[in-house]
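Now for the letters of each chain:
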Amino acid sequence: MRVPLSWLKEYVTITISAEELAERLTLAGLEVKQLDYLGVPQGIAPEGITVPPSDHLVWNPKKIVLGAIHEVKAHPNADRLVLALVDHGTGELDQVVTGAPNLFPYKDKGKIDPPLYAPFAREGAEVYDGHAEGRVRMVLKEKPLRGIPNKHMVCSAKELGLGGDHEGILLLDADSIPTTAAGTPLVDVLGDVIFEIDLTPNLARAYGIIGVAREVAALTGQTLREPDYGRVVATGGDIGEAITVAIKDSYLNPRFCGMVIRSLQIKPSPQWLRRRLEAVGVRSINNIVDVTNYVMFETGQPLHAFDYDVLQQRAGGGIPAIITRTASPGETLKTLDGVDRTLDEQTILVCDALGVLGLGGIMGGDESEIKPDTRNVFLEAANWNYINVRRTMTVQKMSTEAGVRFSRGIHPAQSERGVRRAAEMMRLLGDGEVLAGMIDVHPAPAPVIRVDLPLREVERLIGISLSAGEISGILTRLQFTVEPLDEQTLRVTVPDHRVDIATGVVGAADIVEEVARIYGYDRIPDTLIEDMLPPQANNDELTREDRVRDLLAEAGLREVINYRLTTPEAEARLIAPGESAPEINGAAYVRLANPISLDKTVLRHTLLNGVLENIVRNARHSVRQRLFEIGSVYRSLEGAALPDEPRHLALALTGARRVATWQEGKDVDRADVAGFFDLKGVLEALVKGLRLPAGALTFKRGEHPTFHPGRCAAVYLRETLIGYAGELHPLVAAAYDLEQTVAAAELRLDPLIADLPRVDRITPILTTPPVYQDIALIVGEKTPADDVERVILAAGGDLLRGVRLFDVYRGDPIPAGKKSLAYALTFQAEDRTLTDGEVAKAQAKIVKAAERELGAALRGG
């Protein structure tokens, strides 16, 4: 937010430099990120605060002053030039030659009374060249213009660095400047410093000049001077006979204040008002609209002005009845920015009997806006639910000054202050008449917050000892009310503009924070912690989860972390058309009441969608990717307040199976891409690293709508299905715009790590020689290799130390419908060298078990 120092000084006396004030504000939490200087000398800015280039134009107080133009004469030798007779504090009138078109109406009219006031640059002054592109400096020197000597200048805004306007000189209204004494240094008249303050969401109280002035007063020990909000001259009839207001949802609209001002004259705002609005970055429109903006920037309370006659016409000539309610399905509104907007059922609106007039707290509609022929105004200063306003701005993809303020939170008490302040200004600046009374519908008054603050809590949290008087003094300067509860406790009543202060223990911490920042964080000495560190307890769940991460990283995968928020449409891409997956689209989603964006509306059902999105984004940089994610998914439970949050593990492999070595260069076989068996190998390595028993994880032929038919396996942990693995279904890959093969899996993590051994059992390295034997078994085509391996391990007994499948063969002489699986077997005893007979006996047991349980036959037997 832009805060002009000149505007700030209206509410608090400032006795320190702008640079020192910027540093004090920043240390107190209101971060000043930039200082803009208008004509005044630049000081040494604190570290971290941006300032304009050091060559910005400084108005020399002896050379650039306030001038009073008393007469304008025709130039004897030029029709496009005039002679201005100017008093610039020397006691006599100096003649200046100028071509300013806004002086021509005064030519040869005689003495101007009262005079015109304008910036005056004396000979030798440095200004910007108004006729040059950009900002080109020049020094005034005496130079005749069409035969008339000229050594001074009356200045335009461009020549002073106040803007780009060079069409005429800058004429100053007498009531818009602090003095009309000719010769006063211009820096004392128009000089200013603009503070660009970066406000965090918890600083809603500082979204107005008065809010910043309150902070300045507390930091510097000065007195805050607020406007007299209650002073409104109301001479019209009773407002109750002019308009009514009804609130349908007090949670979304806790308060609605309004006043009516009649017989207004729509005209340009006075110069002082236009200048202040321009300083904060707002374009002047007319006196009525400008007042609403001015009061918003002054107090932090947004307002909206309706053309009362339009409201009355919409009411059929009767009394307008304003209603605040949520939108009905299909309702639309054309807002002041000219955009036709479709409204959803959660949007709070300002309406009448005919329909929508405006988006509550954000922007009005174009039908009832203030126009040049407006004469009567209904002025609204309402209070709106900050979450709803934030949500509506997100849904409508719009941001306004009013919306930003309401989205941070504004106390309902501000509504009355804002509407009274603005109504009186409209009366004065628009020559209007205020109707007596104020519409004030307040169905949900905010509670008064009181916090009991133990004095010892201040010392405990910030590390210094402050007396009750020091603490009370700081809080009183911030407009808190403080009274002693007992010798060791203060009862603090929170002012209504502080919506960021909580109750109870949290509120006490909030109060201590206020004491610390006003006292000065930089004044708090560094100290070492004196408390004992709490005992450390192992977190077995986290340790197990981290073990999975470490093992997958060792396998060459990289971890990704995605948002837990997504949309049902995004996850629906995981389901091939015409298919269904209960775990994704069969369960109810946990939906956000206030989504932060349109692509984050629900809590996810699966991790795989996020991982595949990572694959898509990363494909621009590398085709070969190995990714995994560990995190929770969320499933609504009927009748339960909270959802189920099981942890999942998702993996995805794509691209070349291996990275080319320096010897291969670019000749590595790019067709050798990772597929299902690479993914299976990663999972088997994970299980082995987790020290789970051999055969604990099994893969069975499965079907899942995310994966390619025939290239999908159901993954079991012992007898429990924990997920699926496979290559993506072509239609799913197409939905993600993936052209390359992707092997992926998603497993339930909790059962996988639930029974991990706490201690790794270590067995001694055998010193006896192993015996290696190969065996080939003919089994049915549909017999899984895992079943064969399980039978071999069970029948091999203690002597069998290893089983490895090394060949699969189909074809002559293997019968049709059969396949040959060849295994390398390793036999070894702990205490002796095995004999041929012992190995043959063990192998025979394996063959018989395979014949009995699988219907297998020994190949060549």
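For clarity, every value in this text was computed on a predicted model and none was experimentally measured.

### Let's talk about the sheet that holds strand β24 (residues 450-454)
- Strand order in the open sheet formed by three strands is β24-β26-β25, with antiparallel pairing between adjacent strands. With one partner strand each, in any of the chains shown, β24 and β25 (481-486) form the two edges of the open sheet. For this sheet, the mean angle separating the axes of adjacent strands, direction not counted, is 30 degrees.
- Strand direction decides the pairing type here: β25 and strand β26 (residues 489-493), joined by five bridges, are antiparallel. From the neighbouring strand, proline 484 faces β26, where its bridge partner is leucine 490.
- Of the strands in this sheet, β24 and β26 touch helix α11 (residues 455-462), which is tilted by about 70 degrees from β24.
- Across the sheet, helix α13 (residues 504-519) lies against β24 and β26, angled at about 70 degrees from β24, the strand it touches most.

### Comments concerning empty space enclosed by the protein
- A full pass over the atoms with the stated rule returns one cavity of 30 Å³ or more.
- Computed from the structure, the largest cavity encloses a volume of approximately 200 Å³.
- Lining the largest cavity we find 20 residues, and of these Ala204, Arg205, Thr299, Gln414 and His497 sit closest to its centre.
- Mapped onto the lining of the largest cavity, the elements with two or more residues apiece are α4 (209-220) and α10 (413-430).
- Element by element, the count of residues in the lining of the largest cavity is highest for α4, at three residues.

### Observations regarding the pairing of strand β31 (residues 647-654)
- In terms of burial, β31 is a largely internal element, eight of the eight residues being buried.
- Because side chains alternate across β31, one face comprises the buried residues Arg647, Leu649, Leu651 and Leu653, and the other comprises His648, Ala650, Ala652 and Thr654, equally buried.
- Alignment of strand β30 (residues 625-632) against β31, held across eight bridges, turns out to be antiparallel. Its bridge partner lying in β31, leucine 627 is registered against alanine 652.

### Side note on the environment of valine 339
- Counting through the fold element by element, valine 339 comes out in the loop between β16 (332-334) and β17 (340-342).
- In contact with valine 339, other than residues within four places in its own chain, are Leu333 and Lys334.

### With respect to the sheet that holds strand β15 (residues 321-326)
- Strand order across the open sheet formed by five strands is β12-β15-β18-β19-β20, with mixed pairing between neighbours. On the outer flanks of this sheet lie β12 (244-247) and β20 (363-364), each paired with one strand and no other.
- Examined bridge by bridge, strand β19 (residues 355-359) and β20 share two bridges and lie antiparallel to one another. By the bridge assignment for β20, leucine 359 is matched with methionine 363.

### Remarks on the side chain of histidine 605
- Along the chain, the position of histidine 605 falls in the loop between β29 (602-603) and α17 (608-618).
- A polar contact of 3.4 Å, which involves the side chain of histidine 605, links it to the backbone oxygen of alanine 588.

### Focus: the layout of surface pockets
- Approximately 2200 Å³ is the volume found for the largest pocket.
- What lines the largest pocket is a set of 48 residues, and nearest its centre among them are Glu684, Gly695, Leu697, Asp786 and Glu789.
- Of all the elements in the fold, those that place two or more residues in the lining of the largest pocket are α18 (676-689), β32 (697-701), β33 (707-717), α21 (785-796), β37 (800-809) and β38 (818-827).
- In terms of residue count, α18 provides more of the lining of the largest pocket than any other element does, eight residues in total.
- Looking at side-chain class alone, the lining of the largest pocket contains 22 nonpolar, seven polar and 19 charged residues.

### Quick notes on the packing of aromatic side chains
- Following the criterion strictly, the structure yields six aromatic pairs and no others.
- Their ring planes at 20 degrees and their centres at 4.8 Å tell us that tryptophan 7 and tyrosine 294 sit as a pair that is stacked. A residue pair is termed long-range when its members are at least 10 positions apart, and tryptophan 7 in helix α1 (residues 5-8) and tyrosine 294 in helix α6 (residues 287-299) qualify at 287 residues.
- Tyrosine 294 gets classed as buried once you look at its relative accessible area, which sits at 1%.
- Look at tryptophan 272 and tyrosine 294: their rings are 5.6 Å apart centre to centre, the planes differ by 90 degrees, and that puts the pair in the edge-to-face class.

Criteria and cut-off values
Residues numbered from 1 in each chain as written. Predicted model: local features only at pLDDT ≥ 70, side-chain atom pairs only at ≥ 80, totals over all residues. Heavy atoms only, no water. Pairing = 2+ DSSP bridges. Helix = DSSP H or I, 4+ residues; strand = E, 2+ residues; numbered from the N terminus. Axes fitted to C-alpha atoms, helices over the stretch in contact; angles between N-to-C directions. Contact = heavy atoms within 4.5 Å. 1 Å grid on protein atoms, 1.4 Å probe; cavity = no way out; pocket = protein on both sides within 12 Å on 5 of 7 lines; lining within 4 Å. Points joined across faces, edges and corners; volume = space filled by probe spheres on them. Buried < 20%, exposed > 50% of the residue type's maximum accessible area, 1.4 Å probe, protein only. Polar contact = N/O pair within 3.5 Å; in protein donor to acceptor, adjacent residues only side chain to side chain. Nonpolar A, V, L, I, M, F, W, Y, C, P; charged D, E, K, R; others polar. Phe/Tyr/Trp six-rings, centres within 6.5 Å; stacked < 30°, edge-to-face > 60°.

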